[in-house]
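# A closer look at the structure
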Amino acid sequence: MNLTFDKDLTIEVVRTKRRKTASIKVIDGVVQAIVPDQLSDARVEGLIQKRIPWIRRKLREQSQAVLPKPKEYVSGESFTYLGRNYRLKVLRGNDQEVKLKGGYLEVGVSKKPKEGDIRNALVEWYEEHALNRLTEKTNRYAGIMGVSPNSIVARDYKSRWGSCSSKGDVSYNWRIIIAPHHIVDYVVVHELCHLKHPNHSPAYWKSVKSEIPDYEVCRQWLKEHARELVI
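In this text the structure is predicted, and so the values were computed from the model without any measurement. Within each chain, residues carry numbers counting from 1 in the order of the written sequence. Local features in this predicted model are restricted to residues of pLDDT 70 or higher, and side-chain atom pairs are both shown and tallied only at a pLDDT of 80 or more, whereas totals for entire chains, interfaces and linings draw on every residue. Each side-chain value is worked out from all heavy atoms of the structure, with water and hydrogens disregarded.

## Details of the packing of helix 3 (residues 181-192) against helix 5 (residues 215-225)
The relative placement of two packed helices comes down to the angle between their axes together with the axis-to-axis distance. Heads up, the condition is: Axis definition: a line fitted to C-alpha atoms, over the contacting stretch in the case of helices. Angles run 0 to 180 degrees between N-to-C directions. Segments assigned H or I by DSSP are reported as helices when at least four residues long, segments assigned E as strands when at least two residues long, and all are numbered from the N terminus. Each angle is binned into one of four classes, with values under 35 degrees roughly parallel, values over 145 roughly antiparallel, values of 65 to 115 roughly perpendicular, and all other values oblique. Residue contacts are counted whenever heavy atoms from the two residues lie within 4.5 Å of one another. Residues are grouped as follows: nonpolar covers Ala, Val, Leu, Ile, Met, Phe, Trp, Tyr, Cys and Pro; charged covers Asp, Glu, Lys and Arg; every other residue, Gly included, is treated as polar.
One can describe the packing of helix 3 onto helix 5 by two numbers: an axis separation of 10 Å at closest approach and a directional angle of 105 degrees. For the element pair helix 3 / helix 5, the angle class is roughly perpendicular. Packed against helix 3, whose contacting residues are His182, Ile183, Tyr186 and Val187, the element helix 5 presents Tyr215, Cys218, Arg219, Trp221 and Leu222 at the interface. Its residues placed into classes, the contact of helix 3 with helix 5 shows seven nonpolar, one polar and one charged.

## Comments concerning the side chain of Ser163
Let me state the cut-off plainly: Counting of polar contacts relies on pairs of N or O atoms within 3.5 Å, with two restrictions inside protein: one atom must be capable of donating a hydrogen and the other of accepting it, and residues adjacent in sequence are counted only when both atoms are side-chain atoms.
One can find Ser163 in strand 10 (residues 162-164). A distance of 2.7 Å separates a polar atom in the side chain of Ser163 from a polar atom in the side chain of Ser171. When residues no more than four places from it in sequence are discounted, the contact partners of Ser163 are Tyr157, Asp169, Val170, Ser171 and Glu191.

## Description of the sheet that holds strand 5 (residues 78-81)
Inclusion rule: Note on pairing: two strands pair once DSSP finds at least 2 bridges between them.
Spatially, 5-6-8-7 is the arrangement adopted by the four strands of the open sheet, whose pairing is mixed. Of all the strands in the sheet, just strand 5 and strand 7 (98-101) have a single pairing partner and so form its edges. Within this sheet the neighbouring strands show an average axis-to-axis angle of 40 degrees, counted without direction. Of the strand pairs in this sheet, strand 6 (residues 84-92) and strand 8 (residues 104-109) are connected by six bridges, and their pairing is parallel.

## A closer look at helix 4 (residues 202-211)
Think of an α-helix as 3.6 residues a turn; residues three or four steps apart then line up on the same face. Where we set the bar: The cut-offs for exposure are 20% and 50% of the maximum accessible area for each residue type, with area from a 1.4 Å probe on protein chains only; residues under the lower value are buried, those over the upper are exposed, and the others partly exposed. It is the directions from the helix axis to the C-beta atoms whose arc is reported.
For helix 4, the set of buried residues is Tyr204, Trp205, Ser207 and Val208. The buried side chains of helix 4 occupy one side of the element, clustering within an arc of 155 degrees when seen end-on. When the buried face of helix 4 is taken as reference, the exposed residues oriented beyond 90 degrees from it are Pro202, Lys206, Lys209 and Ser210. On its buried face, helix 4 is in contact with helix 3 and helix 5.

## Observations concerning the pairing of strand 7
The pairing of strand 7 with strand 8 spans four bridges and is antiparallel. Pairing of Lys101 across the sheet is with Tyr104, part of strand 8. Counted along the chain from strand 7 to the antiparallel partner strand 8, the turn is two residues long, and its residue Gly102 has a positive phi close to 55 degrees.

## Side note on the pattern of salt bridges
Opposite charge on two side chains permits pairing when their charged atoms draw close. Where we set the bar: When a carboxyl oxygen of Asp or Glu is within 4 Å of a side-chain nitrogen of Lys or Arg, the pair counts as a salt bridge.
Under the definition given, this model contains five salt bridges. Of the charged contacts in the structure, one is a salt bridge between Asp185 and Lys137, with a shortest N-O distance of 2.8 Å. Here the residue Asp185 occupies a position in helix 3, and Lys137 occupies one in helix 2 (residues 117-145), the gap between them amounting to 48 residues. By the burial criterion, Asp185 is buried, and Lys137 matches it.

## Structural notes on the nonpolar core
Put simply, the test is: Think of a nonpolar core as a cluster: buried Ala, Val, Leu, Ile, Met, Phe, Trp, Tyr and Cys residues, connected wherever their side-chain atoms sit within 4.5 Å.
In this structure, Leu122, Tyr126, Ile176 and Tyr186 are the most contacted members of the largest nonpolar core, which totals 47 residues. In terms of residue count, the dominant contributor to this core is helix 2 (10 residues). Residues contacting Tyr186, with those up to four places away along its chain left out, are Trp205, Val208, Ile212, Tyr215, Cys218, Arg219 and Leu222. One finds Ile11, Val31, Ile48 and Ile55 within the second-largest nonpolar core, a separate group that totals 12 residues.

## Quick word on helix 5
All of the buried residues along helix 5 are Tyr215, Cys218 and Leu222. Considered in projection along helix 5, the buried side chains sweep an arc of 55 degrees and stay on one side of the axis. In helix 5, the exposed positions that point more than 90 degrees away from the buried face belong to Glu216, Val217, Lys223 and Glu224. Summarising the contacts, the buried residues of helix 5 are in contact with helix 3 and helix 4.

## Considering the packing of aromatic side chains
Applied cut-off: Two rings belonging to Phe, Tyr or Trp (six-membered ring only in the last case) form a pair when the distance between their centres is within 6.5 Å. Interplanar angles under 30 degrees mark stacking, angles over 60 mark edge-to-face geometry, and anything in between is tilted. Lysine NZ or arginine CZ positioned within 6 Å of the ring centre and within 35 degrees of the ring normal marks a charge as sitting over the ring.
Within this structure, the stated rule accounts for seven aromatic pairs. Centre to centre, the rings of Trp205 and Tyr215 are 5.1 Å apart; their planes meet at 15 degrees, and the pair counts as stacked. Of this pair, Trp205 sits in helix 4 while Tyr215 sits in helix 5; the two residues are 10 residues apart in sequence, bridging distant segments of the chain. Using a relative accessible area of 10% as the deciding quantity, one classes Tyr215 as buried. The structure contains a cluster of three or more aromatic residues connected by ring pairs, namely Tyr81, Trp125, Tyr126 and Trp174. The positively charged end of Arg51 is found above the aromatic ring belonging to Trp54, 4.5 Å away from the centroid.

Bear in mind that shape data such as this cannot, by itself, settle questions of function.
Shown next as structure tokens:
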């Protein structure tokens, strides 16, 4: 169902039996309200109406945001890994692999690479390193916090940085590995705290703060730089 406000604001309403509370997302100019299945239409409209000023502010911020320049995947271009910038060095030959070397992110390709080969090689390298680093960080923080995740995976999410299932399966967006270490740590702690609190209650945020005292700064950083975390 879609709701229209003031003729120029359309909001998609998604009902789900898996939610007990309503939430509103503004992503790339699209507004989506995710609400519990049993909530009445009148109640949903009332909740959205209260958030209209916030929604318009977010839409304005996103429309004014400067989009990162599309990557060309050529030597000399800058790529970020764990907050550090590396220059891309494309090497044509038989050694088709990606590695960090001397401040460069070297990508080996065939003498006649096909379109997309360099990007595909980079994505594969980032995904592999994301899983390794996120597994290390998750295990380290799990030991500190006294929790035990059931599994750890890195996936390609479009609008989230991580999730934690009721069974303790923790998954991350592999692109978070582009961000600085401290931001990655915050995302790891954010998900592990759900093993103690399956919600975002005050007790949950208190648990996050005990490990990441400046978690609010990290949250804001992700909101401001999310569009930059791309390959």
